[in-house]
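# Observations on the model geometry
Here's the letter readout for the chains.
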Amino acid sequence: MPPRKKPTLLAQGKPRTLGGTKRAWRVRLYAPGEGSTSYQVMFRSPTDDGQPWERVLRRASTETEARDIFARAEAALDTATEAPARADVRAARTIRMLGEEYIKDSHERDKHPRTIQGRESRLNAHILPTIGDVTVAKWRVEHSRKVMEKGSQTIFSTRGREDLRGQLAAMRKLAWRLGWLDRSVDPLDGLEIGRTTVLQGATIQYVDPRLRPETRQVRAMADAADKLCGPDGTDPLMTRLPLLGTKIRVAGFGGLRLGEQNALRAIDVFFDGGYLHVNGSWTTPRHQPGFRGPVKNHVLHEVPLPGTLMRDDLLPRVKELLGLPATTPLQQVINAQELERQGRADLAVRAPDRSLAWWNYPIPPEEEQWLFVDTATGLPVKPELHNNRWHRVRAWVDLNDPDNAWPRTIVYRNLRHHAATKWFHEELGESWEVVAQYLGDKLTTVLNHYVRAGEDALRGSVNKLAEL
């Protein structure tokens with residue numbers, strides 16, 4: 001019987017003495033031998049128990065795939081990273097598995113629960129049903145186009161489609177980082193979303209001035225909420241939120257996000273300074289109890305409020321929460337607040353977590369001194385219930401104060417836009433840098449939302465032409 005012909009050597013790497021061997025070895029690539037159709041890549045790889053390195057064989061069905069394994073094995077040995085996986089392991093790395101890694105990575109990076117839930121929703125609704133079984137190594141732009149086509153059937157906003165494409169881009173980046181997808185392959189190359197028409201000098205994030213409520217409208221809504229939700233209110237569905245009017249004023253003149261409003265406590269109000277210390281956000285994940293978590297972007301900020309709002313609305317509520325009589329002088333209220341803060345600071349010092357301070361020391365939610373609560377639960381209101389009551393107030397203003405009616409196109413969160421533009425910037429004359437600090441946002445974000453390049457020049461030209 002004639003001897004079997006040895007496979008042809010197609011490529012070999014640099015000499016190495018890794019793994020405790022005295023004789024140098026190389027990564028080698030062989031063509032299919034007699035009676036075989038598989039290319040072979042042979043090299044050495046470290047073992048988990050510290051024993052001498054073991055010989056590793058990786059097979060490939062094409063020369064292109066084999067040379068890719070050869071190159072990755074060389075790179076892994078040069079950088080002391082993980083060696084190329086077996087064919088069965090690579091085949092098991094599907095988009096579904098990548099999605100699991102993506103959600104796991106989101107948890108490890110301490111993303112907000114609502115953010116993670118949004119990612120899970122897009123993954124389960126659009127990505128996995130379309131390309132869940134596709135191997136990550138074979139992920140191409142035609143697969144990404146299928147995802148976007150499926151998403152366009154139920155996602156009608158440009159922002160929603162951008163979020164879906166952004167999630168695909170994040171998963172692509174993770175696949176590159178894990179080594180599941182070759183960096184020379186871009187499964188989003190050429191995947192375009194229809195461009196959004198924007199106003200001259202504005203960005204796609206620009207908030208149209210028509211969506212920024214007027215101060216008179218903010219006051220009308222707050223006054224209506226006082227009437228409907230206060231102690232004289234007749235509708236029990238409304239009186240569950242007794243301080244909704246105050247909450248509207250805090251949003252309209254302080255620019256706090258809804259989660260930040262819900263997370264306010266008696267110790268977060270600084271009467272001697274005339275401001276709120278915004279240091280947390282109340283989060284209500286789906287099918288889970290709510291909790292007080294960090295403020296968005298982990299940026300603590302201080303927000304000034306009108307003196308009348310501090311004295312007439314917040315001061316009586318803080319006295320009630322601290323168990324003080326209604327006639328207690330202001331200085332005694334401030335002293336009681338500081339005593340409470342110091343007590344929490346002392347507890348934080350003794351806690352093993354060194355990141356704790358008076359403002360984030362964990363207190364059971366049912367024992368916390370919340371400014372705004374749902375009286376049925378004693379906890380901050382859920383967003384769905386809050387929005388329901390908000391629309392009831394808006395409908396009342398439409399009927400009883402039509403001159404200050406709140407347009408349906410302007411939603412509750414647009415109170416933040418009023419605080420930024422109509423109040424902080426125009427009424428108080430603050431610069432955009434200061435406005436960004438009050439909002440807890442980056443300056444670029446605020447400028448993109450509220451500033452349109454060339455707007456002042458346009459007004460000047462219009463005024464000049466009006467006289468011609």
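Residues numbered from 1 in each chain as written. Predicted model: local features only at pLDDT ≥ 70, side-chain atom pairs only at ≥ 80, totals over all residues. Heavy atoms only, no water.

As a further point, take the sheet that holds strand β6 (residues 275-278). Pairing is antiparallel in the open sheet, where three strands are placed in the order β5-β6-β9. The two strands at the open ends of the sheet, each matched to only one other strand, are β5 (269-270) and β9 (301-304). Note: β5 against β6, two bridges, orientation antiparallel. Within β6, the residue paired with valine 269 across the bridge is leucine 276. (Pairing = 2+ DSSP bridges. Helix = DSSP H or I, 4+ residues; strand = E, 2+ residues; numbered from the N terminus.)

Partitioning the chain into structural domains gives domain 1 (9-83), domain 2 (89-178) and domain 3 (211-462). Here the C-alpha centroids of domain 1 and domain 3 sit 62 Å apart. (Domains from an automatic or database assignment.)

The next point concerns the packing of aromatic side chains. Geometrically, a pair of aromatic rings is defined through the distance of the ring centres and the angle of the planes. Taken as a whole, this structure holds nine aromatic pairs when the rule is applied. Judged by centre distance (4.8 Å) and plane angle (75°), the ring pair of phenylalanine 253 and tryptophan 423 falls under edge-to-face. Of the two residues, phenylalanine 253 is situated in helix α9 (residues 244-254) and tryptophan 423 in helix α14 (residues 415-427); the sequence distance between them amounts to 170 residues. Owing to a relative accessible area of 13%, tryptophan 423 belongs among the buried residues under this scheme. Taken together, Phe270, Tyr275 and Trp358 form an aromatic cluster joined through their ring pairs. Over the face of the ring belonging to phenylalanine 270 we find arginine 341, whose NZ or CZ atom lies 3.8 Å from the ring centre. In this arrangement the basic side chain of arginine 341 is found over the ring face of tryptophan 358, its NZ or CZ atom lying 5.6 Å from the centre. (Phe/Tyr/Trp six-rings, centres within 6.5 Å; stacked < 30°, edge-to-face > 60°. Buried < 20%, exposed > 50% of the residue type's maximum accessible area, 1.4 Å probe, protein only. Lys NZ or Arg CZ within 6 Å of the ring centre and 35° of its normal.)

Attention now moves to the sheet that holds strand β4 (residues 54-60). Spatial strand order, β1-β2-β3-β4: four strands in an open sheet with antiparallel pairing. Pairing within the sheet leaves two strands with one partner each, and these edge strands are β1 (9-12) and β4. When the angles between neighbouring strand axes are averaged without regard to direction, this sheet yields 20°. Note: strand β2 (residues 28-30) against strand β3 (residues 39-45), three bridges, orientation antiparallel. Bridge pairing links leucine 29 to valine 41 in β3. Against the sheet, helix α1 (residues 63-79) touches β1, β2, β3 and β4, its axis set at about 10° to β3. (Axes fitted to C-alpha atoms, helices over the stretch in contact; angles between N-to-C directions. Contact = heavy atoms within 4.5 Å.)

Next up on the list: helix α6 (residues 158-178). For α6, with 21 residues, the first-to-last C-alpha span of 30 Å sits near the 30 Å given by 1.5 Å per residue. Three or more residues of α6 are buried, namely Gly160, Leu164, Gln167, Leu168, Ala169, Met171, Arg172, Leu174, Ala175 and Trp176. For α6, the secondary structure elements touched by its buried residues are α3 (95-108), α4 (113-131) and α5 (141-152). Just downstream of α6 lies glycine 179, where phi reads positive at about 80°. (Expected span 1.5 Å × (residues − 1).)

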